[in-house]
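Chain residues, written in single-letter form:
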Amino acid sequence: MSKKTLIVIGNGMVGHHFLEQFVASPAAEDFRVVVFGEEKQLAYDRVHLSEYFSGSSHADLAMGTADWYTENRIELRLNEAVTRIDREGRKVTTDRGDYAYDELVLATGSYPFVPPIEGREHPHCFVYRTLEDLDAIRASARDGKSGVVIGGGLLGLEAANALKSLGLQAHVVEFAPRLMPVQLDAEGGSLLRHKIEELGVQVHTDKATTAIVEGQDARLRMNFSDDSHLDTDLIVFSAGIRPQDTLARACGLEIGERGGIVIDDHCTTSDRHIHAIGECALWDQRIFGLVAPGYTMARTLSSVLNNDEEAVFTGADMSTKLKLLGVDVGAIGDAHGQAPGARSIRFNDEQAGHYRRMVISEDGKRLLGAILVGDNSHYDTLLQYALNEITLPGNPETLILPESQGGAPALGPDALPETASICSCHNVTKGDICGAIDAGCSDLASVKVETKASTGCGGCSALLKNVVDSELEKRGVEVSKDICEHFPYSRQDLFHLVKVNGIRTFRTLISQYGKGHGCDICKPTVASILATCWNEHILTTDHVPLQDTNDTFMANMQKNGTYSIVPRVPGGEITPDKLIVLGEVAREYDLYTKITGGQRVDLFGATLSQLPEIWEKLIAAGFETGHAYGKSLRTVKSCVGNTWCRYGVQDSVGMAIFLENRYKGLRAPHKIKMAVSGCTRECAEAQSKDIGVIATENGWNLYVCGNGGMRPRHADLFATDLSDDGLIRTIDRVLMLYVRTADRLQRTSVWMENLEGGLDYLKEVVLEDSLGMGAELEAHMADIVSTYQCEWKTAVEDPEKRKRFREFVNEPEKKDPVQQWTVERDQRRPVLESA
Amino acid sequence: MKAPTRWDAVCTVDDLVPESGIAVWTEDGPVAVFYLPHRLPALFAISHHDPISGANVLARGITGDLKGEPVVASPLYKQHFSLRTGRCLEDESVQVKRYPVLLDGGRVRLEVPCEQRQTSAA
Ligand code: SRM
Ligand SMILES: Cc1cc2nc3c(=O)[nH]c(=O)nc-3n(C[C@H](O)[C@H](O)[C@H](O)COP(=O)(O)OP(=O)(O)OC[C@H]3O[C@@H](n4cnc5c(N)ncnc54)[C@H](O)[C@@H]3O)c2cc1C
Ligand code: SF4
Ligand code: FES
């Protein structure tokens, strides 16, 4: 049987999500799939569009890859808009030709509404919807000083923040008497206004713009109906969105009175071969301007195309939880109390800037809606009450009162019914999570993979973790953080015990807080903690037996029992004289020599007893240990930077050397890698490092928590345009927090992903000092920096320590007989017979 | 009949490293001697040869106990070997030789097998 053709118009968030569902379903076998996208780029995460201004690229925001489309045999036609649908002939037309379909999906999203104001076509007037819009805004902002957003709704405020981040004086002009009129009431709106003005964005409410004309103090002037005016260099319209239903209208599909392609519960339009999903679709007279309902439609439609008759779209919750310009805002359900008989309870703390309102049903039993401004910590609990129609307690006000005033603690995961929706992006209920756990998922990570929960907007991550932990505990699965059988503590707990009680040896720690004699898990962990806390030499009698062999002998053991030697080459910069010394030493001991991936030189094949002699020579030539063996700073990779490179804007080599010398020797839960690039071309690949630094015209951009290796992860932009001092202070804090709180063998990437609150939390602690521990972290780092010693130098100078480096203590001359050698490409390498 | 053995002095107490191992060369090949001062007995000796990697490295592993059994973890692929029996905890079928060991004055002696003629020479 020849395949039918399925055409999707629109490669946006919902269209892409639909394809993900559809290609994984049985019906995919029966269809050839063709997708048209008007934009040049592959579907990207529009929800996080604003991150494009804070360093994310299209690739970071992309929802999939071109390879994914190829692998799934989807024909992707980008930059090709459909201009006509021929329903009779079942084909669509683009400027490149006609394409026949059997089933057609409209996922054309919406477009920004631009009110018919005179002068709105001016080249410095924009909308805020696509990457191209943002490119244009950025270009216009370059030589502007101020910008205005028309529209004080959710997107308008986000756009205002973007203008601010581009260095403009930002204004918001709103027609209604308050900000976010759709979601907030008067009190909430005025508190939000107050907070936003404190951040330096000027808010003008009750203003109707009548015309945009040439400006006097700036490029443009806006005239208002009250005869006032405002001069500005650019304008962004954010006055609402309209469903993109042009094609559907033209081919005679049923359209709603105020726009939108009418669909039934099966996401099918008035033509049964044409379906519509996402923001272009009108269901039950409603348009859904959020991504989660669109995803639900996408899933429903995929099932419908698989002939699943029970698949129905039954509406979606429009509650929202946001941080706008750093201010928490939440709106749930019937926030304005429009239901008959609805009553409100309000809590307003002007001092703290917190406003909370609950809308309760007439009988006082159900929560119908809520508004939160300034603090979203009650959001999850309130949302669960509203969505799952949980009966309210007798004194419902306790739900929004601070705990000090008798407020109730958050709703425990146990209290939620099986049907409670935990992740609305991926429509995962508590029941689904329990199901995944019963089917064998035994931790948060596997539940995420299995159910996709918390892999959309991420808003549900804290709740998800609570549910998973509580369900695992219920099933008797130990959610144990114990590092091993000897200590009933996590690494973080142990760190705390060592630090607070001033414990300096493993023996003391295990006798007071553990049992038995320790093992290869807890000993190196404790060694690393002791090193961070007290920074004593790792070869003191107490510490030697705690270390992995690589730390004990300060070299990496190779498969035949010999070792490799990696001297530090800070920033990858090395003098010819030093290079010659490396060559000479390697020649003398017949060491296999290789340039590493970390911009330094590795010498392989030294026997245990040769190590001290070799290091003596290297130290005499000015080398230091490179800690290639330690869970500590490895290298700070650099590019050549502005000293030589025509594009460089800062001295990246100098900064790399500085950082390497500062953090060398710091003991950590896992190894740490850094890099510094001299400009955005990023030749040092800083965005794949734990700490990545990229030079800007004004200083340095800092990226954190990247990883190469087994599970690569791009680093996240953490702070921009830092001064030298600012950069170092920030890195001090991030690293110290990592060292103190990460689990054993946890790289910064995994650590950050597991931090409750993730990157935002890390930013709060480090950049805003929300825990008030910034100074302490810096002081601790300063202490470690000041007590640095080259371990190899100390070791070769101490005869007692050198004694450790005897292969056979009773036969100093004996050569280990299993170490057999051969020559390959002019160098010596091991032959190892398998035992 | 038990094969002939002899007690060789292989090193002194000063050569030992508390809570860790050292390697000595014997006629029976390389042997790892561990000194665990907080246990009774405090001395253990097993082959230095790691059967999994084929390299002579066991003395350089981390010592400890698992469910009460004194062990060393191979520094290469991290399997645990019992210091009392030489058995590999992860794989029952793998076993390294163990050697009786004792402290004689300041000297550490190992009981190693020897050839007939050497017994008479001793
Ligand atoms: C020598 C070198 C390969 C080379 O010939 O270039 C190397 C060699 C080893 N790497 Fe690596 N890695 C080397 C660069 C890298 C890089 C690239 C880089 O740093 O730019 C990566 C990916 C980047 C990253 O880490 O994010 C890398 C990711 C790993 C991983 C995986 C880490 C992860 O998070 O997934 C391991 C395993 C581990 O650490 O648990 C590893 C472990 C190892 C070990 C230590 C394996 C071992 O236990 O024996 C190797 C030790 C060799 C030795 O004796 O020195 N090596 N390794 C490189 C030394 C760089 C240096 O100068 O210090
Ligand atoms: C700045 C910003 C912030 C947002 N924040 C949030 C948030 O925090 N939470 C939330 O839930 N939602 C948010 N949204 C809304 C969310 O992005 C949308 O709900 C979602 O993108 C809708 O997906 P869609 O696929 O229906 O439409 P879109 O993502 O707009 O995709 C439609 C695609 O179809 C293409 N197209 C249209 N016509 C044609 C044609 N004739 N031929 C070919 N292609 C065509 C368009 O070019 C577009 O690429 C935000 C939106 C913006 C702009
Ligand atoms: S990152 Fe920039 S400065 Fe560095 S080498 Fe590349 S182009 Fe030059
Ligand atoms: S609610 Fe968006 S990821 Fe779960």
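Residues numbered from 1 in each chain as written. Chains lettered and ligands numbered in written order. Predicted model: local features only at pLDDT ≥ 70, side-chain atom pairs only at ≥ 80, totals over all residues. Heavy atoms only, no water.

Chain B is annotated in an unreviewed UniProt entry as Nitrite reductase (NADH) small subunit of Marinobacter oulmenensis.

As recorded by an unreviewed UniProt entry, chain A carries the name Nitrite reductase (NADH) large subunit and is attributed to Marinobacter oulmenensis. UniProt annotates chain A under Sequence similarities (unreviewed entry) with the comment "Belongs to the nitrite and sulfite reductase 4Fe-4S domain family." (UniProt positions renumbered as here; feature names shortened; annotations may be inferred.)

(A) Here's a closer look at the overall build of chain A. Within chain A, the secondary structure is distributed over 25 helices and 39 strands. By the burial criterion, 54% of the 835 residues in chain A qualify as buried. When the accessible surface of chain A is summed, it comes to about 36600 Å², and 48% of that surface belongs to carbon and sulfur atoms. (Helix = DSSP H or I, 4+ residues; strand = E, 2+ residues; numbered from the N terminus. Buried < 20%, exposed > 50% of the residue type's maximum accessible area, 1.4 Å probe, protein only. Areas by Shrake-Rupley, 256 points an atom, 1.4 Å probe, with all protein chains shown as cover.)

(B) Structural detail: the pairing of strand β32 (residues 601-606) of chain A. Residues and elements named next belong to chain A. Within β32, six of the six residues are buried, which leaves the element mostly enclosed by the surrounding structure. Both strand β30 (residues 563-565) and β32 contribute to a ladder of three bridges, which runs antiparallel. For Ser564, the partnering residue across the bridge sits in β32 and is Phe604. Pairing of strand β31 (residues 592-595) with β32, which is carried by four bridges, proceeds in the antiparallel orientation. (Pairing = 2+ DSSP bridges.)

(C) Summary view of the site of ligand 1. Residue and element names in this part refer to chain A. Around ligand 1 sit 20 residues in total, of which Gln558, Thr596, Gly597, Arg600 and Gly708 are the nearest. Between ligand 1 and the protein, one listed contact pairs an oxygen atom with a side-chain N or O atom of Lys689 at 3.0 Å. Here an oxygen atom of ligand 1 sits 2.9 Å away from a polar atom, N or O, in the side chain of Arg747. Its residues assigned to classes, the shell around ligand 1 comprises two nonpolar, eleven polar and seven charged. (Near = heavy atom within 4 Å. Polar contact = N/O pair within 3.5 Å; in protein donor to acceptor, adjacent residues only side chain to side chain. Nonpolar A, V, L, I, M, F, W, Y, C, P; charged D, E, K, R; others polar.)

(D) Just the site of ligand 2, in detail. Residues and elements named next belong to chain A. In the neighbourhood of ligand 2, 30 residues make up the surrounding shell, with Val14, Glu39, Arg129, Glu279 and Val291 lying closest. Val14 is positioned with one of its backbone polar atoms (N or O) 2.8 Å from an oxygen atom of ligand 2. Contacts to ligand 2 include Val291, whose backbone N or O atom sits 2.8 Å from an oxygen atom. Contact with the protein chains hides 92% of the accessible area of ligand 2, taken as 1000 Å² for the molecule alone. Here the shell around ligand 2 takes three residues from helix α1 (residues 13-23), the largest share from any one element. Grouping the amino acids of the shell around ligand 2 by side-chain chemistry returns 14 nonpolar, ten polar and six charged.

(E) Layout of the packing of helix α19 (residues 652-663) of chain A against helix α20 (residues 724-741) of chain A. Residues and elements named next belong to chain A. For the pair α19 and α20, the least separation of the axes is 12 Å and the interaxial angle reads 35°. Here α19 runs over α20; the crossing is right-handed. Along the contact surface, α19 presents Met655, Phe658, Leu659, Arg662 and Tyr663, while α20 presents Asp724, Leu727, Ile728, Ile731, Asp732 and Leu735. Looking at the contact of α19 with α20 residue by residue, the class counts come to eight nonpolar, no polar and three charged. (Axes fitted to C-alpha atoms, helices over the stretch in contact; angles between N-to-C directions. Left-handed = near helix turned anticlockwise from the far one by under 90°. Contact = heavy atoms within 4.5 Å.)

(F) Local environment of the interface of chain A and chain B. Facing 39 residues of chain A, the contacting portion of chain B comprises 38 residues. Counting each side, the surface lost to burial between chain A and chain B is near 3000 Å², with a carbon and sulfur contribution of 56%. Here chain A and chain B share four salt bridges between them. A salt bridge links A:Arg507 to B:Glu19; the nearest nitrogen and oxygen atoms lie 3.8 Å apart. At the junction of chain A and chain B, the tally comes to 17 residue pairs in polar contact (both at pLDDT 80 or more). (Buried area = accessible area lost by both parts, 1.4 Å probe. Salt bridge = Lys/Arg side-chain N within 4 Å of Asp/Glu carboxyl O.)

(G) Representation of the sheet that holds strand β11 (residues 169-173) of chain A within the structure. Residues and elements named next belong to chain A. An order of β9-β16-β10-β11-β12 is seen for the five strands of this open sheet, with the pairing classed as parallel. The open sheet has two edge strands with one neighbour each: β9 (125-127) and β12 (202-204). Ignoring strand direction, the axes of neighbouring strands in this sheet form an average angle of 25°. Note: strand β10 (residues 146-150) against strand β16 (residues 234-237), four bridges, orientation parallel. Paired with Val148 across the strands is Ile235, a residue of β16. In the packing of helix α4 (residues 131-142) onto the sheet, the strands contacted are β9 and β16, and the crossing angle to β9 comes to about 150°. This element, helix α5 (residues 154-165), spans β10, β11 and β16 of the sheet and lies at about 175° to β10.

(H) Spatial organisation of the nonpolar core. Residues and elements named next belong to chain A. Grouped together as the largest cluster of nonpolar side chains are 63 residues, with contacts concentrated most on Leu659, Met674, Ile731 and Leu762. Top element by residues in this core is α20. It accounts for nine residues. Beyond its immediate chain neighbours, meaning those up to four positions away, Leu659 contacts Leu633, Val636, Met674, Val676, Val693, Ile728 and Ile731. With 54 residues, the next largest nonpolar core counts Met13, Val34, Cys251 and Ile263 among its residues. (Core = buried A, V, L, I, M, F, W, Y, C linked by side-chain atoms within 4.5 Å.)

(I) How the structure looks around the pattern of salt bridges. Residues and elements named next belong to chain A. This structure, assessed with the given rule, holds 55 salt bridges over all chains. Glu279 serves as the salt-bridge partner of Arg129, at 2.9 Å between the closest nitrogen and oxygen. With Arg129 in the loop between β9 and α4 and Glu279 in the loop between β19 (274-276) and β20 (281-283), the pair connects residues that are 150 residues apart, well separated along the chain. Note on accessibility: Arg129 and Glu279 belong to one class, buried. A salt bridge links Asp380 to Lys321; its shortest N-O distance comes to 3.4 Å. With a gap of 59 residues between them, Asp380 in helix α9 (residues 379-387) and Lys321 in strand β22 (residues 320-324) connect regions that are remote in the sequence. Given the relative accessible area of 21%, Asp380 is considered partly exposed. On the accessibility criterion, Lys321 (35% relative accessible area) is partly exposed.

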